[in-house]
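Chain residues, written in single-letter form:
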Amino acid sequence: MSTKHKRIAVLADSCCDVPADLVQQYGLYILPLKIIYHDHEYLDGVDITPQEVYERMGQEIPKTSLPDGEQILHKLDQIKADGYEQLIVITLSGGLSGTNNLIHLIADTYEGMEIFILDTKNIAIGAGFHAIQAARYIEQGLSFSTIQEKLQRDIKNVKIFFVVETLEYLQKGGRIGLVASLLGNALNLKPVISCNEEGVYYTVTKVRGRKQSISRTIELAKAYAQGHPRIHLAVCHGGASELAAAVETTMKEALRGYEVFISSQISPALGVHTGPGLIGIGIERLED
């Protein structure tokens, strides 16, 4: 990074699903959400895994919660103590979680560090792409204001398409958004879901059956990438690693030469709301 710019850090919440190797490579900071059972509270992805959440769903579906104010302040203090003067915060959609708003409330009165907070209007690696890109902009030596402009521009260039095994968990978690639920369950119609411009879940299309829904998700992702010379591709899943690997192979063959991030399993907190069996494909269309 150019020495003429102040030191800039990147903080992403845990539901951005930035792959662990990239978190380490770029020195990103992660703010975990909370997973709450009747007898214990866990930090998302820190002391509980997605598989543990799925295995316990037969006994209890936990609740999820925002990081509390003390957590956020501690993380900001840590980043400032590490010598950073400016901070880019990347969060999942404000239309799906209050995390973005809470960080705003705390950051607005925080002293000693200039903070920019991006509402990605997206979820999982669809949000995580922006954290990765922010780190790369910093690496390129871009100024804090230029990075902000580019990140806000980039929002329109990212899409994630996903399907779930059942809509039950989205319904129970109150995250169903604009996705029709009961009729789909009755007729075995599987919606392909994405986030709209307000960052709320909506049905892109419906097809009958699991196999067809995954095929349609692949088609939609390929269509979104088509005609763009530079893209990033990511495949994610919720307890469906073999199926995700097959989807990854298909996408790599269709989109040869593009950079691929494999975010593997979605975070435990996202798994609470989608249940096991999720398959997602994220596409980021890159601009200069």
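Residues numbered from 1 in each chain as written. Predicted model: local features only at pLDDT ≥ 70, side-chain atom pairs only at ≥ 80, totals over all residues. Heavy atoms only, no water.

**Here we look at the sheet that holds strand S4 (residues 41-43)**
Formally: Whether two strands pair depends on DSSP finding at least two bridges between them. Numbering goes from the N terminus for both helices and strands, where a helix is a DSSP run of H or I of at least four residues and a strand is a run of E of at least two. Comment: axis = line fitted to C-alpha atoms, over the contacting stretch for helices; angle = value between 0 and 180 degrees taken between N-to-C directions.
Within the open sheet, the 3 strands sit side by side as S4-S3-S5. Their pairing is antiparallel. At either end of the open sheet lies a strand with only one pairing partner, and these are S4 and strand S5 (63-65). Going from strand to strand, the sheet's axes swing by 25° on average, the running direction of each strand aside.

**Looking at the packing of aromatic side chains**
Under the convention used in this document: Note on ring pairs: Phe, Tyr and Trp rings are taken, using the six-membered ring of Trp, and paired if centres are within 6.5 Å. Classes follow the plane angle, with under 30 degrees stacked, over 60 edge-to-face and the rest tilted. Whether a residue is buried, partly exposed or exposed follows from its accessible area with a 1.4 Å probe, protein chains only, as a fraction of its type maximum: under 20%, in between, or over 50%, in that order. In this analysis the charged atom, NZ for Lys or CZ for Arg, is taken to sit over a ring once it is within 6 Å of the ring centre and within 35 degrees of the ring normal.
Taken as a whole and assessed by the stated rule, the structure comprises 4 aromatic pairs. Ring geometry for Tyr-37 versus Tyr-42: centroids 5.8 Å apart, planes at 90°, classification edge-to-face. Accessibility expressed as a relative area gives 4% for Tyr-37, which makes it buried. Note that Arg-56 overlies the ring of Tyr-37, its terminal NZ or CZ placed 3.7 Å from the centroid.

**Points about unusual backbone geometry**
Peptide bonds are, in most cases, trans, and in most cases residues other than glycine have a negative phi. Backbone geometry at Lys-121 places phi at a positive 60°, although glycine is not the residue there. Within the secondary structure, Lys-121 sits in the loop between strand S7 (114-119) and helix H5 (125-139). Of note, the phi angle at Ala-124 is positive, near 55°, even though the residue is not glycine. Within the secondary structure layout, Ala-124 lies in the loop between S7 and H5. Its relative accessible area of 4% is what places Ala-124 among the buried residues.

**Re the nonpolar core**
Formally: By nonpolar core we mean a set of buried residues, namely Ala, Val, Leu, Ile, Met, Phe, Trp, Tyr and Cys, connected to one another through side-chain atoms within 4.5 Å.
Val-18, Ile-88, Ile-90, Ile-123 and Leu-151 are the most contacted members of the largest nonpolar core, which has 56 residues in total. Of the residues forming this core, the biggest block, 9 residues, is contributed by H5.

**What about the pattern of salt bridges?**
Rule in force here: Any carboxyl oxygen of Asp or Glu that lies within 4 Å of a side-chain nitrogen of Lys or Arg is treated as forming a salt bridge with it.
With the rule as written, the count across this model stands at 9 salt bridges. We note a salt bridge from Lys-156 to Glu-287, for which the minimum N-O separation is 3.1 Å. Of the two residues, Lys-156 sits in the loop between helix H6 (144-154) and strand S8 (158-163) while Glu-287 sits in the segment after strand S13 (279-285), which places them 131 residues apart along the sequence. Take Lys-156: its relative accessible area is 52%, and that puts it in the exposed class. On the basis of relative accessibility, which here comes to 33%, the residue Glu-287 falls in the partly exposed class. A salt bridge links Glu-219 to Arg-216; the nearest nitrogen and oxygen atoms lie 3.0 Å apart.

**Structural notes on the layout of surface pockets**
So the rule is basically this: Residues are called lining when one of their atoms sits within 4 Å of a cavity or pocket point, these points coming from a 1 Å grid over the protein atoms alone, where a cavity is a set in which a 1.4 Å probe fits but cannot get out and a pocket is an open set with protein on both sides within 12 Å along at least five of seven lines. Grid points are joined across faces, edges and corners, and a volume is the space filled by probe spheres set on the points.
Reported here for the largest pocket is a volume of approximately 410 Å³. Lining the largest pocket are 22 residues, with Ser-14, Asp-17, Val-18, Ile-30 and Gly-45 sitting closest to its centre. Going through the elements one at a time, helix H1 (20-26) and strand S12 (259-265) are the ones with two or more residues in the lining of the largest pocket. A total of 3 residues in the lining of the largest pocket trace back to one element, the largest contributor, which is S12.

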